[in-house]
Amino acid sequence: MNLKRTIGLILVIAGVILGVAKALGGESQSGDWTIRRSDVPGKVQFSLMDSRADHYFHTSSDWPASDFSGLDFSKPGRQEVHFTIARDAGRFECEGFLQEGEGAGLFHFMADPKYQQEMKSLGFERIDGDKQWAMAIHDVGLKFARDIKAQNLQGLDTDKLIAFKIHGVTLEFIAGVRAAGVSVSDSDKLIAFRIHGVTPEFIAGIRAAGLNVVDSDKLIAFRIHGVSPEMVRSLKQAGYEPDADKLIAMRIHGATPEWVADLKKQGYEHVDLDKLIAFRIHGVSPDFIGQLQKLGYSHPEPDQLIAMRIHGVTPDFITHLQSRGMKNLSIDQLVSLRIHGID
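Just so we're clear, the structure is a prediction, and the values are computed from it rather than from any experiment.

Draft legend 1. Just the overall build of the protein chain, in detail. Looking only at helices and strands, the protein chain features 17 helices and 6 strands. Computed over its C-alpha atoms, the radius of gyration of the protein chain comes to 31 Å, more than 25% above the 20 Å expected for a compact globule of 343 residues. If you line up the protein chain on its principal axes, its C-alpha atoms span 100 × 50 × 40 Å. Going through the 343 residues of the protein chain one by one, you find that 41% of them count as buried.

Draft legend 2. A look at the packing of aromatic side chains. On inspection of all chains with the given rule, the structure shows 15 aromatic pairs. On the basis of an interplanar angle of 75 degrees and a centroid distance of 5.1 Å, the ring pair of Trp 33 and Phe 83 is categorised as edge-to-face. Taken as a pair, Trp 33 in strand β1 (residues 28–37) and Phe 83 in strand β4 (residues 78–87) lie far apart in primary sequence, 50 residues in all. Phe 83 matches Trp 33 in its accessibility class, with the two residues each being buried. Ring geometry for Phe 68 against Phe 73: centres 5.9 Å apart, planes inclined by 80 degrees, an arrangement best described as edge-to-face. Across the ring face of Phe 173, the terminal group of Arg 194 is positioned such that the distance to the ring centre comes to 4.7 Å. Between the NZ or CZ atom of Arg 338 and the centre of the ring of Phe 317, over which it lies, the distance is 4.9 Å.

Draft legend 3. Structural context of helix α6 (residues 171–179). Listed in full, the buried residues belonging to α6 are Phe 173, Ile 174, Gly 176 and Val 177. Projected down its long axis, α6 carries its buried residues within an arc of 160 degrees, all on one side. Exposed and facing more than 90 degrees away from the buried side of α6 are Glu 172 and Ala 179.

Draft legend 4. Looking closely at the confidence of the model for the protein chain. Residues with a pLDDT of 70 or more make up 91% of the protein chain, whose mean pLDDT is 90. The low-confidence segment residues 1–27, where pLDDT is below 50, has 28 contacts with residues more than four positions distant or belonging to other chains.

Draft legend 5. Structural view of the pairing of strand β6 (residues 102–111). Across the 10 residues that make up β6, a large majority, 8, are buried. Bridge count for strand β5 (residues 90–99) against β6 is 10 bridges, and the pairing is antiparallel. Residue Gly 90 lies in a different strand from β6, and its bridge partner there is Ala 111.

Draft legend 6. Structural context of unusual backbone geometry. Although it is not a glycine, Glu 100 adopts a positive phi angle of roughly 50 degrees. Examined against the element boundaries, Glu 100 turns out to sit in the loop between β5 and β6. For His 270, which is not glycine, the phi dihedral falls at a positive 60 degrees. Counting through the fold element by element, His 270 comes out in the loop between α12 (257–265) and α13 (273–282).

Draft legend 7. Geometry of the nonpolar core. Among the nonpolar cores identified, the biggest contains 98 residues, and Phe 46, Phe 83, Phe 92, Met 119, Phe 164 and Phe 222 are the most heavily contacted of them. When near neighbours in sequence (up to four residues on either side) are disregarded, Phe 222 contacts Phe 202, Ile 206, Leu 211, Val 213, Val 227, Ala 244, Leu 247 and Ile 248.

Draft legend 8. The arrangement of the pattern of salt bridges in detail. Across all of its chains, the model carries 17 salt bridges by this definition. With its nearest N and O atoms 3.8 Å apart, the salt bridge here joins Lys 246 to Asp 243. For Lys 246, a relative accessible area of 23% puts it in the partly exposed group. Each of the salt bridges in this network shares a partner with another, and the network as a whole consists of Arg 36, Arg 37 and Glu 102.

Cut-offs and rules
- Residues numbered from 1 in each chain as written.
- Predicted model: local features only at pLDDT ≥ 70, side-chain atom pairs only at ≥ 80, totals over all residues.
- Heavy atoms only, no water.
- Helix = DSSP H or I, 4+ residues; strand = E, 2+ residues; numbered from the N terminus.
- Rg over C-alpha atoms; globule rule 2.2 N^0.38 Å.
- Buried < 20%, exposed > 50% of the residue type's maximum accessible area, 1.4 Å probe, protein only.
- Phe/Tyr/Trp six-rings, centres within 6.5 Å; stacked < 30°, edge-to-face > 60°.
- Lys NZ or Arg CZ within 6 Å of the ring centre and 35° of its normal.
- Arc of directions from axis to C-beta.
- pLDDT = per-residue confidence, 0-100.
- Contact = heavy atoms within 4.5 Å.
- Pairing = 2+ DSSP bridges.
- Core = buried A, V, L, I, M, F, W, Y, C linked by side-chain atoms within 4.5 Å.
- Salt bridge = Lys/Arg side-chain N within 4 Å of Asp/Glu carboxyl O.

Right under this line is the structure:
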């Protein structure tokens, strides 16, 4: 079939679908669809495009191949297709062509007139046509709504229910998080868990590393800043007993286990975690310590190193003083000179 004939067919199909919609008297929405292969087994990449006078809409995601009733993805060659995707919120009637598992055409969405009332009976209100369309796309079904409602979550409303579907907050996910020891009941926190990757496996990994954290905000912060089970294990093996706040602060300021190991090579073992964080904040690095050692300052105390960086006692400053004959100055004397503006 050539391009003109294909376009002609699509236009005819669109007219038929629109006529059916008017005859049924239901809310409707039309546009274009495309299908491509997906890397996820059992799924296809399905895209919907809708261009109206006031806006342009496009969504693309992996849908289960089993949702496409009447479509045979295994059939070889080019085929004209008509298939239906049925959702509780409504159904998508699609026409077009498919070739070797990929294709395009026109869709028409017909909203289920009973859906809004059924959702309202479950406590999910303010569902207009656009929202019902979104709930059909993301397959926010009545069973899903009932199951999530039964979890007695705080702040759960229609928008959060849609967000649950988009981000994968399922009944199984909630049960897994709770089984891992985190009694989270806040809808926003559960969405944040999924967005940032706070999974039951991650929680179990942190606990297996020797740290029991059940605070939702801290677990989210762990994922945002990169606190991992490996980091916890590494610090514990180095003799530290870090708490959640210090782990987060270490990641924020870049005090990694590798950096801690480099300090150890310079003779700074078992430095208090607060001082390690201060090292990173003020720029006390293994390189800085190494330069001091070359200038005759073999092992300054952690507080002295911090004071030197705060007040600008740099290796260049020390070298400059030594070139003027001021040798063998103590660290306290060097800091005092900088405090009083002597350079």
